[in-house]
Amino acid sequence: MGEKQDVDDCSGIREEYCPETLLEFHAASNEIFTHLFNSCLAAVLPDNLSQFTTPLTQTNTAMTIKKRHEVENFTALLIIYCKLYGINRIIDVGCGGHLVSQLSQYCKVVGIDCNEKFCQRARKSCTYAKIICLTVKCDGTDDQKLLEFFSGDEHDRTAIVSLHGCGDLQPTLLRHFSKLDHNRVPLIFTIPCCYHKMSNLKKKIFHWIMSDEVKKRSVSREVLPVSALSWPSSEKDRERHTRNFINRALLECLYDKRKDLPSFPCRKLNCHFEDVKDTGIKLASQLGMDENGILQIDQLYRTIYADHEPYFAYVEPFTLLQTMMQTPLEMLILLDRLFFLKEHGCSAYILSVFNPKISSRHLCIIASSS
């Protein structure tokens, strides 16, 4: 990308300083996305799906604007499809409580999650739904008990739902869906996220490709999926994004060096620490350490900070490039999963279910029996 000055200027998205090849890549990726995305949208959808939205049945002040937008629109979509397919049971995989609470107003809902704390929270927010702590194995093996659980009893017609299933969860659910009796489980809705957490990224590309169709294509082995990002448009938002990126990365480095630290999700920590240099001492204080422990963590964190500070300037241009790459790479992954479903006799489509300016992870795979 040229010298450091070129990189820094490009991070500000001023075209006169951006390398021509980067601008060409951006234009080409948008063209590819538009063409492929339009060709994959459902050819026939109910008329009222074009502008679906429904108010939440109960006001939940704990929800962010983003989460509220997602829950409202996803609930409306699911209700319409469930009526069309005669669904009387929904399984929400990776439930957090908000979606389960809304869906339970309309039909029988079962929420499952591998984290008991999340399950407890969901049980408190929704007394109508059944919440089960259950781990979905994402190692590629068959799980007969899980398949039986998805199928329900003879009176159930079930839809499987996963809102922002992390890493390997979406491909795992799609593999399970392809093996189910579609008279009992005729629908699945799944929106992926965190592609970078897929377990087999360090292997050859063919280990994460699901379909025979994509395996036949000339796909570079260097292509790897990236996490979905939404590039912040204002200077203030970009500064905040860069600070949060650095803060989280430094915290992960700290946890790598101190495996004995109590679990504290790095994603949550960004909400609490504004001054990056003081993060170590604030973290240790929140973890309830004594004075000596706080001093040790603070010193270690400041050492990590000093070691990595020369690289801070590259965060913004790196995430800009990552954002540009996200569009064509995400479409490659989703197209592969569509081909897989169709190779297994399913009808499958991609639908943009959220406003991408509000939720960058807005592409939903909808599959049903042919």
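You'll find the structure just up there.
To start, this report covers the structure provided alongside it. Predicted model only: the values in this text are computed from it and were never measured. (Residues numbered from 1 in each chain as written. Predicted model: local features only at pLDDT ≥ 70, side-chain atom pairs only at ≥ 80, totals over all residues. Heavy atoms only, no water.)

**Let's talk about the overall build of the chain**
- A count of helical and extended segments in the chain gives 13 helices and 7 strands.
- Buried positions account for 48% of the 370 residues belonging to the chain.
- Taking the intrachain contacts of the chain between residues at least 6 apart in sequence as the baseline, contacts between residues at least 24 apart amount to 67%.
- Accessible surface, the chain as shown: approximately 19,500 Å² in total, 51% of it carbon and sulfur. (Helix = DSSP H or I, 4+ residues; strand = E, 2+ residues; numbered from the N terminus. Buried < 20%, exposed > 50% of the residue type's maximum accessible area, 1.4 Å probe, protein only. Contact = heavy atoms within 4.5 Å. Areas by Shrake-Rupley, 256 points an atom, 1.4 Å probe, with all protein chains shown as cover.)

**Comments concerning the packing of helix 11 (residues 279–286) against helix 12 (residues 291–308)**
- With their axes 8 Å apart at the nearest point, helix 11 and helix 12 run at an angle of 150° to one another. The orientation of helix 11 relative to helix 12 falls into the category roughly antiparallel. As for the relative orientation of helix 11 and helix 12, their crossing is right-handed in sense. Residues Thr279, Gly280, Ile281, Ala284 and Ser285 of helix 11 pack against Ile294, Ile297, Asp298 and Tyr301 of helix 12.
- In terms of residue class, the contact of helix 11 with helix 12 is made up of 5 nonpolar, 3 polar and 1 charged. (Axes fitted to C-alpha atoms, helices over the stretch in contact; angles between N-to-C directions. Parallel < 35°, antiparallel > 145°, perpendicular 65-115°, else oblique. Left-handed = near helix turned anticlockwise from the far one by under 90°. Nonpolar A, V, L, I, M, F, W, Y, C, P; charged D, E, K, R; others polar.)

**Let's talk about the environment of Arg184**
- Tracing the backbone shows Arg184 in the loop between helix 7 (169–179) and strand 5 (187–193).
- Owing to a relative accessible area of 25%, Arg184 belongs among the partly exposed residues under this scheme.
- In sequence terms Arg184 and Asp156 are 28 residues apart; their C-alpha atoms lie 6.5 Å from each other.
- Setting aside residues no more than four positions away along its own chain, Arg184 makes contact with Ser151, Gly152, Asp153, Glu154, Asp156, Arg157 and Thr158.
- A polar contact is formed between the side chain of Arg184 and the backbone oxygen of Ser151, at a distance of 3.5 Å. (Polar contact = N/O pair within 3.5 Å; in protein donor to acceptor, adjacent residues only side chain to side chain.)

**So, the pattern of salt bridges**
- Applying the stated criterion to the full structure yields 12 salt bridges.
- The shortest N-O distance in the salt bridge between Arg123 and Glu116 comes to 2.8 Å.
- Judged by its relative accessible area of 33%, Glu116 falls in the partly exposed class.
- For Glu316, the salt bridge goes to Arg238, with nearest N and O atoms at 2.8 Å. Note that Glu316 is positioned in helix 13 (residues 315–343) and Arg238 in helix 9 (residues 235–257), a separation of 78 residues in sequence.
- For Glu316, a relative accessible area of 17% translates into the label buried.
- One network of salt bridges, in which partners are shared, links Lys66, Lys67 and Glu70. (Salt bridge = Lys/Arg side-chain N within 4 Å of Asp/Glu carboxyl O.)

**Comments concerning helix 12**
- Look at helix 12: 26 Å from first C-alpha to last across 18 residues, which is about the 26 Å you get at 1.5 Å a residue.
- Residues Gly293, Ile294, Ile297, Asp298, Tyr301, Ile304 and Tyr305 constitute the buried set of helix 12. Axial view of helix 12: buried residues confined to an arc of 130°, hence all on one face. Exposed side of helix 12, more than 90 degrees from the buried face: Glu291 and Asp307 are the residues found there.
- Next to the buried residues of helix 12 lie helix 9 and helix 11. (Expected span 1.5 Å × (residues − 1). Arc of directions from axis to C-beta.)

**Points about the nonpolar core**
- With 35 residues, the main nonpolar core has Val93, Phe150, Phe177 and Leu341 as its most contacted residues.
- Sorting the residues of this core by element identifies strand 1 (89–93), strand 2 (108–113), helix 6 (144–151), helix 7, helix 13, strand 6 (346–352) and strand 7 (363–369) as the ones contributing at least two each.
- Element by element, the count of residues in this core is highest for helix 13, at 7 residues.
- When near neighbours in sequence (up to four residues on either side) are disregarded, Val93 contacts Ile112, Val136, Phe150, Ile160, Val161, Ser162, Leu169 and Leu173.
- Membership of the second largest hydrophobic core comes to 31 residues, among which are Leu77, Ala159, Val161 and Leu187. (Core = buried A, V, L, I, M, F, W, Y, C linked by side-chain atoms within 4.5 Å.)

**So, the pairing of strand 2**
- Most of strand 2 is tucked away: 5 of the 6 residues are buried.
- In this sheet, strand 2 lies alongside strand 1 in parallel orientation, the contact comprising 5 bridges. Counted as the bridge partner of Asp92 is Gly111 from strand 2.
- Of the crossover connections in this fold, the one passing from strand 1 over helix 4 (residues 98–103) to the parallel strand 2 is right-handed.
- Judged from the 4 bridges that link them, strand 2 and strand 3 (residues 130–133) form a sheet pairing that is parallel. Within the sheet, the bridge partner assigned to Gly111 lies in strand 3 and is Ile131.
- In this fold, strand 2 hands off to helix 5 (residues 116–125), which returns the chain to strand 3; that crossover is right-handed. (Pairing = 2+ DSSP bridges. Right-handed = clockwise from strand over helix to strand, strands pointing away.)

**Digging into unusual backbone geometry**
- Of note, the phi angle at His164 is positive, near 60°, even though the residue is not glycine.
- Examined against the element boundaries, His164 turns out to sit in strand 4 (residues 158–166).

**Some remarks on helix 13**
- Relative to the 42 Å expected for 29 residues at 1.5 Å per residue, helix 13 spans 40 Å between its end C-alpha atoms, a close match to the ideal helical length.
- At Gln326, helix 13 shows its strongest bend, of approximately 35°, with the proline Pro328 following within four residues.
- Buried residues dominate helix 13, accounting for 22 of its 29 residues.
- At the exit of helix 13 stands Gly345, carrying a positive phi of roughly 80°. (Bend = angle between axes of the 7 residues up to and from the residue.)

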